[in-house]
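For reference, the chains in residue letters:
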Amino acid sequence: AKANRDEAARLQRQEAHCWRMAGQYDLARELFAALDARYAGNAEFEFEYGDTLVRLEGAAAGLSRLERAVGKDASLQPARAALGRALMELGRPADAIPHLEAASASDAAVLVALGKAYRAVGRPMDASRVEAEYKQRIVRER
């Protein structure tokens, strides 16, 4: 019976992931909520649930889950990017910078938010540098 429950939860978790990836955040949120007791504390789960909440309800709704995800696994680059963007949305550019810096190595789009964060904290030279890097990386990726 436990094996069946584990398999059912695993499949439900995959379904939530798929709905999120498809941009069907309302459907994903329902599944994440149902799975919360089982997967709370899992870095990937916290990231996906937190990101879903941010997209549906705004940065404040998903912030704590994104913080938990990064706290559990600081190498989870998509979580760092999502946390940095959420912090920017909440007007906390100085807090966002370390997360955006960490995520920018694997995701060129993060450089746009990083440039805005640098400008917001009075670092225009750094902002110009990452904006130029963004343009170079986008050209290379095409």
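Anything mentioned here points back to the structure above.
Residues numbered from 1 in each chain as written. Predicted model: local features only at pLDDT ≥ 70, side-chain atom pairs only at ≥ 80, totals over all residues. Heavy atoms only, no water.

(A) Geometry of the nonpolar core. Phe47, Leu66, Ala79, Leu83, Leu100, Leu114 and Tyr118 are the most contacted members of the largest nonpolar core, which has 27 residues in total. Mapped onto this core, the elements with two or more residues apiece are helix H3 (43-57), helix H4 (59-72), helix H5 (77-89), helix H6 (93-104), helix H7 (110-120) and helix H8 (124-141). Every residue in contact with tyrosine 118, bar those within four places of it in the chain, is listed here: Ile97, Glu101, Arg123, Asp126, Ala127, Arg129 and Val130. Within the second largest apolar cluster, ten residues are counted, among which are Ala9, Leu31, Phe32 and Leu35. (Core = buried A, V, L, I, M, F, W, Y, C linked by side-chain atoms within 4.5 Å. Buried < 20%, exposed > 50% of the residue type's maximum accessible area, 1.4 Å probe, protein only. Helix = DSSP H or I, 4+ residues; strand = E, 2+ residues; numbered from the N terminus. Contact = heavy atoms within 4.5 Å.)

(B) Summary view of H5. With 13 residues, H5 extends 18 Å from end C-alpha to end C-alpha; this agrees with the ideal 18 Å at 1.5 Å per step. If you check which residues of H5 are buried, you get Ala79, Arg80, Ala81, Ala82, Leu83, Gly84, Ala86 and Leu87. Contacts from the buried residues of H5 go to H3, H4, H6 and H7. After H5 finishes, the residue glycine 91 shows a positive phi value of roughly 75°. (Expected span 1.5 Å × (residues − 1).)

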